[in-house]
Amino acid sequence: MLLLLWLLLQLVELAGFPPAERAAITAVHSDKYVSTLEKLSAISADCGETRIVESAPTYLTGTTSRDASRAAGAVIALVDHVVAASRQREAAAGSGGSGSGGGTPAGFAICRPPGHHCLPSGAMGFCILGNVSIAARYAQKQHGLQRVLIFDWDVHHGNGTQDVFERDPDVLFISTHQANAYPGTGKAGEVGIGDGEGATINVPLPGGSGHEAILAAWEEVVEPAARRFGPDIILVSAGYDAHWADPLAGLQFCSATFHALGARVKALADELCGGRLVFLLEGGYDLDALGQSVANTFLGVLGEAPADAFDRKLLGEEPLEKVQQVLQEARRIHGL
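Residues numbered from 1 in each chain as written. Predicted model: local features only at pLDDT ≥ 70, side-chain atom pairs only at ≥ 80, totals over all residues. Heavy atoms only, no water.

(A) Region of the structure containing the packing of aromatic side chains. Counted according to the given criterion, the structure contains 11 aromatic pairs. Seen from their ring centres, Trp-153 and Phe-279 are 6.1 Å apart, and the 55 degrees between their planes marks the pair as tilted. With Trp-153 in the loop between strand E6 (148–152) and helix H5 (159–165) and Phe-279 in strand E10 (residues 277–281), this residue pair connects regions lying 126 residues apart in the sequence. Connected via pairs of aromatic rings, a cluster forms that spans Phe-108, Phe-151, Trp-153, Trp-218, Tyr-240, Phe-253, Phe-258, Phe-279 and Phe-298. Its end group placed over the ring of Phe-17, Arg-70 keeps NZ or CZ at 4.3 Å from the ring centre. (Phe/Tyr/Trp six-rings, centres within 6.5 Å; stacked < 30°, edge-to-face > 60°. Helix = DSSP H or I, 4+ residues; strand = E, 2+ residues; numbered from the N terminus. Lys NZ or Arg CZ within 6 Å of the ring centre and 35° of its normal.)

(B) Fine view of the side chain of Ser-237. Among the secondary structure elements, Ser-237 is positioned in strand E9 (residues 233–238). Among residues more than four places away in sequence, those in contact with Ser-237 are His-116, Val-132, Phe-151, Asp-152, Trp-153, Asp-154, Leu-280 and Glu-282. (Contact = heavy atoms within 4.5 Å.)

(C) Just the pattern of salt bridges, in detail. Applying the stated rule across the entire model yields 10 salt bridges. Among the salt bridges present, the one from Arg-147 reaches Asp-170, with a minimum N-O distance of 3.6 Å. Linking Arg-147 in the loop between helix H4 (131–143) and E6 with Asp-170 in the loop between H5 and strand E7 (171–178), this pair joins segments that are 23 residues apart in sequence. Here Asp-170 falls in the partly exposed class, since its relative accessible area comes to 22%. (Salt bridge = Lys/Arg side-chain N within 4 Å of Asp/Glu carboxyl O. Buried < 20%, exposed > 50% of the residue type's maximum accessible area, 1.4 Å probe, protein only.)

(D) Structural view of the nonpolar core. If you look at the biggest cluster of nonpolar residues, it comprises 47 residues, and the most contacted ones within it are Trp-153, Ile-234, Tyr-240, Val-265 and Phe-279. Among the elements that line this core, the one with the most residues is helix H6 (residues 211–229), at 11 residues. Listed in part, the 45 residues of the second largest apolar core include Ala-77, Ile-150, Leu-235 and Leu-280. (Core = buried A, V, L, I, M, F, W, Y, C linked by side-chain atoms within 4.5 Å.)

(E) Summary view of the packing of helix H3 (residues 64–94) against H4. Across the interface, H3 lies against H4 with an axial gap of 9 Å and an inter-helix angle of 40 degrees. In terms of their interaxial angle, H3 and H4 are classed as oblique. Where H3 crosses over H4, the two elements pack in a sense that is right-handed. Between H3 and H4, the residues in contact are Ala-68, Ala-71, Ala-72, Val-75, Ile-76, Val-79, Asp-80, Val-83 and Arg-87 and Asn-131, Ile-134, Ala-135, Tyr-138, Ala-139 and His-143, respectively. Each residue belonging to the contact of H3 with H4 can be placed in one class, and the counts come to 11 nonpolar, 2 polar and 2 charged. (Axes fitted to C-alpha atoms, helices over the stretch in contact; angles between N-to-C directions. Parallel < 35°, antiparallel > 145°, perpendicular 65-115°, else oblique. Left-handed = near helix turned anticlockwise from the far one by under 90°. Nonpolar A, V, L, I, M, F, W, Y, C, P; charged D, E, K, R; others polar.)

(F) Just the side chain of His-334, in detail. Residue position: His-334 is located in helix H9 (residues 320–334). If near-sequence neighbours (up to four positions away) are discounted, His-334 is found in contact with Val-191, Gly-198, Thr-200, Ile-201 and Arg-228.

(G) Broad picture of unusual backbone geometry. Cis peptide bonds are those with omega within 30 degrees of zero, and the linkage from Arg-112 to Pro-113 qualifies with 5 degrees. Here Tyr-182 and Pro-183 are connected by a cis peptide whose omega angle stands at 5 degrees. Take Pro-183: it is sitting in the loop between E7 and strand E8 (200–205). One non-glycine residue, Phe-126, lies in positive phi territory at about 75 degrees. Mapped onto the secondary structure, Phe-126 falls in the loop between strand E5 (106–110) and H4.

(H) Geometry of the state of the cysteines. Per the counting criterion, the structure on display carries 0 disulfides. No disulfide involves Cys-127; its nearest neighbouring cysteine sulfur is the one of Cys-118, lying 6.7 Å away. Unpaired in this structure, Cys-273 has its nearest cysteine sulfur neighbour in Cys-111, at a distance of 20 Å. Of the residues examined, Cys-273 reaches a relative accessible area of 2% and is grouped as buried. (Disulfide = S-S within 2.5 Å.)

(I) Quick peek at the environment of Ala-188. Locating Ala-188 in the fold gives a position in the loop between E7 and E8. Between the C-alpha atoms of Ala-188 and Ile-201, which are 13 residues apart in sequence, the distance is 7.1 Å. Sequence-distant contacts of Ala-188, that is, excluding residues within four places in its chain, are made with Asn-202, Pro-204, Glu-329 and Ile-333.

Shape is all these values report; function is a separate question.
Quick look at the structure:
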């Protein structure tokens, strides 16, 4: 578990953070599920066995409950630090000092297990607790940051996050993912329910989509939707399984793609919400590609050049006509 802050163009590691408190977890998950998770982990610890709890397969060991609470606590700790730093800068600006969002540290929680598939009442897709959902609710309740933008660029749709917030107009959930991949949700027509209608935006990209496709999605859907929403904080479910080398799906992002996304999200956070920005690790299953992509995200946030010598011309041609059809449909549905 590693927590990093980008502070004045430097990386600073946070240590000694606590696990998420039960109240923060049950703001998202049912008390019954949390109690069952604790009980099953304790049983696994006593017998030394791994327990399969869902068909992905998602499994529990004797430390799973503790590890998941630590992962959620990691994101909460970064929210606390980023919010405190932004408010210090706002106070300095009010007294005549420099107060631009550019000086507010962004945070990245390099933690597992991931979270965006986890449902309010059960584990799913390697995910035990909904880390980004817990962080969003915590930001609202603890810090009064009512309007939360969650951008999920994992190759798989963040169905758990969507389930938590589909009725909430104060959380804008935007997911770019591979169409028809696991878990089979995330169609463009899934836009939220009731008061939350319109606050869920799904961009299901066709297989083979890559660098050009995701940057077009950013420019034509993600950024304009974010500007219209006006977030108080941005949380990024940063999955890296859309990388061309990842074995679990079929998109063609490069490490430099994540550099471009990191730079764009940071610039948007500086402009819209005082620089308040937290990334948290979701998927990514080719370790070399994962490491390179996370590092390039760091470089993008820091304003440094990408470190990716890979020639994108070696990849297959992107289905850009199909991509444009998807983006046009998203813009039509959401009035962008």
